[in-house]
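Letter by letter, the chains look like this.
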Amino acid sequence: MLSEYVVTDKVSAGLCPLVSRNSQGEALAQALRLFVGRGARFSYKELQQGTGIPARMIECYRHSPEHEDWRPIKAEELASLVRFLGPEFTTEWLSRVAQQGAFWLPDEDDTPPGAIAADESEDAARISRCAADGDFKGDGVVLRPVALRMIARGHRLARVA
């Protein structure tokens, strides 16, 4: 009989996902806090325009899962965030839930001469400012995206070579 083999959602055959909803929500919230909001690279409005996700929902995703305003993200919205914010954001999120990273897949001749050098000099200047202040611990929020960009550039150069 077919009904003998049907497993209900409640039992779930004793299986559970490797990543819980709470840990995924917390990882996404922490990554979003680095890239969106006051003092971050993007405003809510810029992210709304770039992804098509309402700014209010983006605010909800920045909360921890225990917060009353937190909402779970839809797969298509997560994909939109990942595509718009790029590999630095994706690595920040994925490293927390799956111990993995991401990088841009290069197109042929997509990197103009000097672009990588310009990015590297901007990041080097940021690291130098932190060194001059002698405070690397307080600027961890600033230096982590720099490190992720440097890793992504390394992957991009390795694939081109």
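The paragraphs below set out a description of the structure included in this document. A quick note: this is a predicted structure, and the numbers were derived from the prediction, not measured.

Counting its regular elements, the chain contains 6 helices and 0 strands. For the chain, the residues scored as buried account for 30% of the 161 residues in total. Relative to all contacts within the chain whose residues are 6 or more apart in sequence, the contacts with residues 24 or more apart total 58%. With the model as given, the accessible surface of the chain reaches about 10700 Å², and the carbon-plus-sulfur share is 55%.

As a further point, take the packing of helix H2 (residues 44-51) against helix H4 (residues 75-97). The description of two packed helices rests on the angle between their axes and on the distance between the axes. Contact geometry of H2 with H4 gives a least axis separation of 9 Å together with a crossing angle of 110 degrees. Regarding the angle of H2 to H4, the classification is roughly perpendicular. Note on element contacts: H4 touches H2 through Ser80, Leu81, Phe84 and Leu85, opposite Glu46, Leu47, Gly50 and Thr51. For the contact of H2 with H4, the per-class residue count stands at 4 nonpolar, 3 polar and 1 charged.

As a further point, take the pattern of salt bridges. If you walk through the whole model with that rule in mind, you get 4 salt bridges. In this structure, the salt-bridge partner of glutamate 26 is arginine 33, at a minimum N-O distance of 4.0 Å. Judged by relative accessible area, which is 34%, arginine 33 ranks as partly exposed. Note that arginine 56 and glutamate 59 form a salt bridge whose closest N and O atoms lie 3.8 Å from each other. Placement of the pair is arginine 56 and glutamate 59 together in helix H3 (residues 55-61), with a separation of 3 residues, close to one helical turn.

For soluble globular proteins, the rule of thumb is that nonpolar side chains tend to be buried together. Of all hydrophobic cores here, the largest spans 20 residues; its most connected members are Leu28, Leu32, Leu47, Leu81, Leu85, Phe89 and Trp93. At the level of elements, helix H1 (21-35), H3 and H4 are the ones that each hand at least two residues to this core. In terms of residue count, the dominant contributor to this core is H4 (7 residues). Beyond its immediate chain neighbours, meaning those up to four positions away, leucine 28 contacts Tyr61, Ile73, Leu78, Leu81, Phe89 and Trp93.

Another aspect to go through is the packing of aromatic side chains. The full count for this structure, using the stated rule, is 2 aromatic pairs. With 5.7 Å between their ring centres and 90 degrees between their planes, phenylalanine 35 and phenylalanine 89 make a pair best called edge-to-face. You can see phenylalanine 35 sitting in helix H1 and its partner phenylalanine 89 sitting in helix H4, a full 54 residues away along the chain. The same class applies to phenylalanine 35 and to phenylalanine 89, which are both buried. Arranged with centres 5.2 Å apart and planes meeting at 55 degrees, the rings of phenylalanine 42 and phenylalanine 84 form a pair that is tilted. Here phenylalanine 42 is found in the loop between H1 and H2, whereas its partner phenylalanine 84 is found in helix H4, with 42 residues between them in sequence.

Let us now look at unusual backbone geometry. In this structure, glutamine 99 takes a positive phi of about 50 degrees despite not being glycine. Mapping glutamine 99 onto the fold places it in the loop between H4 and helix H5 (115-133).

Turning our eyes to something else, we now look at the environment of leucine 94. For leucine 94, the location among the structural elements is in helix H4. For leucine 94, a relative accessible area of 17% corresponds to the buried category. In the structure, leucine 94 is positioned 66 residues away from leucine 28 in sequence and 8.6 Å away in space, judged by C-alpha atoms. Filtering out sequence-adjacent residues up to four positions away, leucine 94 remains in contact with Gln99, Gln100 and Gly101.

Reading the values: the criteria
Residues numbered from 1 in each chain as written. Predicted model: local features only at pLDDT ≥ 70, side-chain atom pairs only at ≥ 80, totals over all residues. Heavy atoms only, no water. Helix = DSSP H or I, 4+ residues; strand = E, 2+ residues; numbered from the N terminus. Buried < 20%, exposed > 50% of the residue type's maximum accessible area, 1.4 Å probe, protein only. Contact = heavy atoms within 4.5 Å. Areas by Shrake-Rupley, 256 points an atom, 1.4 Å probe, with all protein chains shown as cover. Axes fitted to C-alpha atoms, helices over the stretch in contact; angles between N-to-C directions. Parallel < 35°, antiparallel > 145°, perpendicular 65-115°, else oblique. Nonpolar A, V, L, I, M, F, W, Y, C, P; charged D, E, K, R; others polar. Salt bridge = Lys/Arg side-chain N within 4 Å of Asp/Glu carboxyl O. Core = buried A, V, L, I, M, F, W, Y, C linked by side-chain atoms within 4.5 Å. Phe/Tyr/Trp six-rings, centres within 6.5 Å; stacked < 30°, edge-to-face > 60°.

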